[in-house]
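Inside the fold
Chain residues, written in single-letter form:
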Amino acid sequence: MKVEVVTEATGVPIGVATDAANVSEVTLAGAALADIPADVPVPFGVPVIADRAYDSDPLREELAGDGYRLHAPHRKNRTKPPSNDGRRMRRYKRRWVVERTFAWVHSYRRVVTRFERRVDLYDGFVHLACAFIALNRLL
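Quick summary incoming for the structure in this document.

Here's the deal with helix 5 (residues 119–138)
The terminal C-alpha atoms of helix 5 lie 29 Å apart, and with 20 residues this matches the ideal 28 Å at 1.5 Å per residue to within 8%. Among all positions in helix 5, only Tyr-122, Val-126, Ala-129, Cys-130 and Ile-133 are buried. All buried residues of helix 5 project into a common sector of 95° when viewed along the axis, lining one side. The elements touched by buried residues of helix 5 are strand 1 (2–7), strand 2 (13–19), helix 3 (96–105) and helix 4 (109–112).

Quick look at the structure:
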């Protein structure tokens, strides 16, 4: 299972999406961003910091249409001209916040290994883990 987590600047998860392991990250990114609650204000042009797996020009255009700006380093085998600005890629140094949130999510036993046969139960445990993380960060 792939777990995709959208976090705020401090690492609190605000959106999550899960899918099978054979689904690419590019197709899962839209579902994770769509899971952000409507009452969470997201300003226009907010950066989405992602790793190399998200380097896709159609994804950049799709996220730009939704009001996001994708910051992902280019893949080594990219044939098109680069579209990243070096100044904006400095934000990639803060990727450790997202990786720390993944470590927090994977500290729950039921999320690390999928024991359930039904996907909706696993999704529930992932959302429950994110809720626990958010509550721990609040208190």
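What to know about the layout of surface pockets
Approximately 820 Å³ is the volume found for the largest pocket. Class assignment of the residues belonging to the lining of the largest pocket gives a composition of 24 nonpolar, 1 polar and 8 charged.

Concerning the side chain of Thr-18
With respect to the helices, strands and loops of the structure, Thr-18 is situated in strand 2. Apart from residues no more than four positions distant in its own chain, Thr-18 is found in contact with Met-1, Lys-2, Val-3, Leu-28, Tyr-122, Asp-123 and Val-126.

Quick notes on a positive patch on the surface
Residues Arg-69, Arg-88, Arg-91 and Arg-94 make up a contiguous surface patch of positive charge. Relative to the helices and strands, Arg-94 resides in the loop between strand 4 (68–71) and helix 3.

Focus on helix 3
Owing to its 3.6 residues per turn, the α-helix brings residues three or four apart onto one side. Among the residues of helix 3, Val-97, Val-98, Thr-101, Phe-102 and Val-105 are the ones counted as buried. Within helix 3, the buried residues cover an arc of 145° as seen down the axis, which keeps them to one side. Looking at the packing, one finds that the buried side of helix 3 touches strand 1, strand 2, helix 4 and helix 5.

What counts, and where the lines are drawn
Residues numbered from 1 in each chain as written. Predicted model: local features only at pLDDT ≥ 70, side-chain atom pairs only at ≥ 80, totals over all residues. Heavy atoms only, no water. Helix = DSSP H or I, 4+ residues; strand = E, 2+ residues; numbered from the N terminus. Expected span 1.5 Å × (residues − 1). Buried < 20%, exposed > 50% of the residue type's maximum accessible area, 1.4 Å probe, protein only. Arc of directions from axis to C-beta. Contact = heavy atoms within 4.5 Å. 1 Å grid on protein atoms, 1.4 Å probe; cavity = no way out; pocket = protein on both sides within 12 Å on 5 of 7 lines; lining within 4 Å. Points joined across faces, edges and corners; volume = space filled by probe spheres on them. Nonpolar A, V, L, I, M, F, W, Y, C, P; charged D, E, K, R; others polar. Patch = residues over 30% accessible without salt bridge, like charges linked within 9 Å, V, L, I, M, F, W, Y side chains within 5 Å. Areas by Shrake-Rupley, 256 points an atom, 1.4 Å probe, with all protein chains shown as cover. Salt bridge = Lys/Arg side-chain N within 4 Å of Asp/Glu carboxyl O. Lys, Arg positive; Asp, Glu negative; His and termini not counted. Charge placed at Lys NZ, Arg CZ, Asp CG, Glu CD.

All quantities given are derived from atomic positions and should not be read as evidence of function.
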